[in-house]
Amino acid sequence: MASALRDTRPPASVRAQRVLLWIYAVMFAGNAIWAIGEAGGGMFGVGFSMPYLALAAVSALLTVKVATRGRWVRTSIIVLHSFLIVIQLGRTLGGDVYGLIGLIIAITGLVLALRPTARGYFSVVPVRT
């Protein structure tokens, strides 16, 4: 029974969530590099890019930790997507058309995290060997 829990593949919604989180990590890392260049480099540029670097690190961490099936991972994913929905909504209402793309991606991620299959996957406590 213990090996049955360990060997099960994540449902499609969780696998899609992992892909989406990797996309976030790469996108935010690219934004951080762009922000450093936009600010003229140096320590000011690094400080200017810190929010993007933090979001990239959180996205990458959550992507890796999905395999642990911890309840805190699902909760953190929901919080991350909710935060990004607010940010992207602000961008869209501010007149940035590309904020709509980010808003659609964030809503898709939230829907994937709230699916019953994802809830069931994260509610099973894995057996540690």
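Residues numbered from 1 in each chain as written. Predicted model: local features only at pLDDT ≥ 70, side-chain atom pairs only at ≥ 80, totals over all residues. Heavy atoms only, no water.

Here we look at the overall build of the protein chain
Part 1 of the argument: A count of helices and strands for the protein chain gives 6 helices and 0 strands.
Part 2 of the argument: N-terminal to C-terminal, the α/β element order of the protein chain is α-α-α-α-α-α.
Part 3 of the argument: Considered along the principal axes of its C-alpha atoms, the protein chain spans approximately 55 × 30 × 20 Å.
Part 4 of the argument: Sequence-distant contacts in the protein chain: of pairs separated by 6 or more residues, those separated by 24 or more amount to 68%.
Part 5 of the argument: Just so you have it, the protein chain exposes about 7,800 Å², and 72% of that area is on carbon and sulfur atoms. (Helix = DSSP H or I, 4+ residues; strand = E, 2+ residues; numbered from the N terminus. Contact = heavy atoms within 4.5 Å. Areas by Shrake-Rupley, 256 points an atom, 1.4 Å probe, with all protein chains shown as cover.)

Digging into the side chain of Ser 59
Part 1 of the argument: For Ser 59, the location among the structural elements is in helix H3 (residues 42-65).
Part 2 of the argument: Judged by its relative accessible area of 0%, Ser 59 falls in the buried class.
Part 3 of the argument: In this view, Ser 59 contacts Leu 21, Tyr 24, Ala 25, Phe 28 and Leu 80; residues no more than four positions away in its chain are not counted. (Buried < 20%, exposed > 50% of the residue type's maximum accessible area, 1.4 Å probe, protein only.)

Things to note about helix H4 (residues 71-93)
Part 1 of the argument: In a regular helix each residue adds 1.5 Å, so 23 residues correspond to 33 Å; H4 covers 33 Å between its end C-alpha atoms and thus fits that length.
Part 2 of the argument: Residues of H4 that are buried in the fold lie against helix H2 (12-38), H3, helix H5 (99-114) and helix H6 (116-123).
Part 3 of the argument: Of the residues flanking the end of H4, it is Gly 95, one or two places downstream, whose phi is positive at about 105°. (Expected span 1.5 Å × (residues − 1).)

Focus on the pattern of salt bridges
Part 1 of the argument: Under the definition given, this model contains 1 salt bridge.
Part 2 of the argument: Here Arg 91 and Asp 96 are joined by a salt bridge, their closest N and O atoms 2.6 Å apart.
Part 3 of the argument: Residue classification places Asp 96 among the partly exposed residues on the basis of a relative accessible area of 28%. (Salt bridge = Lys/Arg side-chain N within 4 Å of Asp/Glu carboxyl O.)

Structural notes on the nonpolar core
Nonpolar side chains tend toward joint burial in soluble globular proteins.
Part 1 of the argument: In this structure, Tyr 24, Val 66, Ile 77, Leu 80 and Leu 84 are the most contacted members of the largest nonpolar core, which totals 21 residues.
Part 2 of the argument: Within the residue set of this core, elements represented by two or more residues are H2, H3, H4, H5 and H6. (Core = buried A, V, L, I, M, F, W, Y, C linked by side-chain atoms within 4.5 Å.)

Focus on the side chain of Ser 13
Part 1 of the argument: Looking at the element boundaries, Ser 13 is found in helix H2.
Part 2 of the argument: The residues touching Ser 13, leaving out its near neighbours within four places in the chain, are Leu 112, Arg 115, Thr 117 and Ala 118.

With respect to H3
Part 1 of the argument: Between its first and last C-alpha, H3 extends 33 Å over 24 residues, near the 34 Å set by a 1.5 Å rise per residue.
Part 2 of the argument: For H3, the principal kink sits at Met 50 and spans about 50°; a proline, Pro 51, occurs within the next four residues.
Part 3 of the argument: Of the positions making up H3, those classed as buried are Gly 45, Ser 49, Leu 55, Ala 56, Ser 59, Leu 62 and Thr 63.
Part 4 of the argument: Taken together, the buried residues of H3 touch H2 and H4. (Bend = angle between axes of the 7 residues up to and from the residue.)

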